[in-house]
Each structure stands twice: as structure tokens, then as C-alpha cells.
Amino acid sequence: METIGYICESEIDCVMRFFETLFLDEVNDFISKLDIKATRKILYNIDLAEQTNDPKILKKLRNDIWEFRIHYNKVQYRLLAFWDKTDKTSTLVIATHGFIKKENKVPKNEIEKAIKLRTQYLKHKTL
């Protein structure tokens, strides 16, 4: 059963969310180097994925690693991520890092990097 939360800016302005996304430092570094329009498109798509849980935007790769898929201005942006359901009150998606996809498949080294960052995150979270 999926948990759906609500983010409310005011009593009138509530948005349904399937999950909340948190960025690790590497994602912030990646996004900060992009032009403003690409950054806006990435943030828009993540917001849309949170509201719709659309598998075209957030797709499972393997080993509990998922990818946010963003296509903008003929460039394929990817943010790799994993689910953190350790807190029973909220569902988080942790975005580990970003890159520009240049091949048909996500490079193995990018998936391995996401797995390593996931392991580090979960280890530090339990401390």
C-alpha cells in the first residue's frame, strides 16, 4: 500500500505527494553548474514525479537504484536515486548524483556510484 502525503503551503494550497525528494551534495553540485532553464526543467520534473509517481520520470534501474529521467533541449539529464522508507511517517527519495546521459544505457559506473552513496547514506543514518 502506498503512502500519500500532503504538502500544504496554506490551508487552501495543499499538494498531494507520493514521496519527498532530498538531494545529496553531489546533486546540488551538478545542478548548480547547469544553466537556469535546465535547472528549472529538472526541478519541475522532480516535482511532477512527486505528485504523480510517473514511471516515465522516475524509473527503476536495478539494485534499488532508480533514475529521474529529464529530457530538455536535446540533452538527457539523469539523477540517480533510491528510496528511504526507514521513517514510517514519510517516504523519501534520495537523489545521489546527476550526469548527462550520452549512451542508450546508464553507464555501469554511475549505477555503482549510486549504490556506494546509498550504502554510505544508510550507514550514517543509523549512527
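Residues numbered from 1 in each chain as written. Predicted model: local features only at pLDDT ≥ 70, side-chain atom pairs only at ≥ 80, totals over all residues. Heavy atoms only, no water.

### Description of the overall build of the protein
The condition is simple: A run of DSSP states H or I qualifies as a helix once it reaches four residues; a run of E qualifies as a strand once it reaches two. Both are numbered from the N-terminal end. Accessibility here uses a 1.4 Å probe with only protein chains present; expressed as a share of the type maximum, an area under 20% marks a residue as buried, one over 50% as exposed, and anything in between as partly exposed. Here the accessible surface of atoms and residues is derived via Shrake-Rupley with a 1.4 Å probe, and residues count as covered only by protein chains that are part of the display.
Across its full length, the protein carries three helices and seven strands. The N-to-C order of helical and strand elements in the protein reads β-β-β-α-α-β-β-β-β-α. Out of the 127 residues in the protein, the part that is buried amounts to 35%. As displayed, the protein has an accessible area near 8,500 Å², and 52% of this comes from carbon and sulfur atoms.

### As for the environment of Trp-66
Position of Trp-66 relative to the elements: it lies in strand S5 (residues 65-72). When the C-alpha positions of Trp-66 and Ile-94 are compared, they lie 9.7 Å apart, and in sequence the two are 28 residues distant.

### Side note on helix H3 (residues 108-126)
So the rule is basically this: How far a helix is expected to stretch is found by multiplying one less than its residue total by 1.5 Å. When we speak of the arc, we mean the arc of directions from the helix axis to the C-beta atoms. In this description, contact between two residues means that some pair of their heavy atoms is separated by no more than 4.5 Å.
For H3, with 19 residues, the first-to-last C-alpha span of 27 Å sits near the 27 Å given by 1.5 Å per residue. Buried residues of H3: Glu-110, Ile-111, Ala-114, Leu-117 and Tyr-121, and no others. Along the long axis of H3, the arc covered by the buried residues comes to 125°, so they all point the same way. Exposed and oriented more than 90 degrees from the buried face of H3 are Lys-108, Lys-116, Lys-123 and Thr-126. Elements in contact with the buried residues of H3: helix H1 (25-32), strand S4 (58-62), S5, strand S6 (75-84) and strand S7 (92-101).

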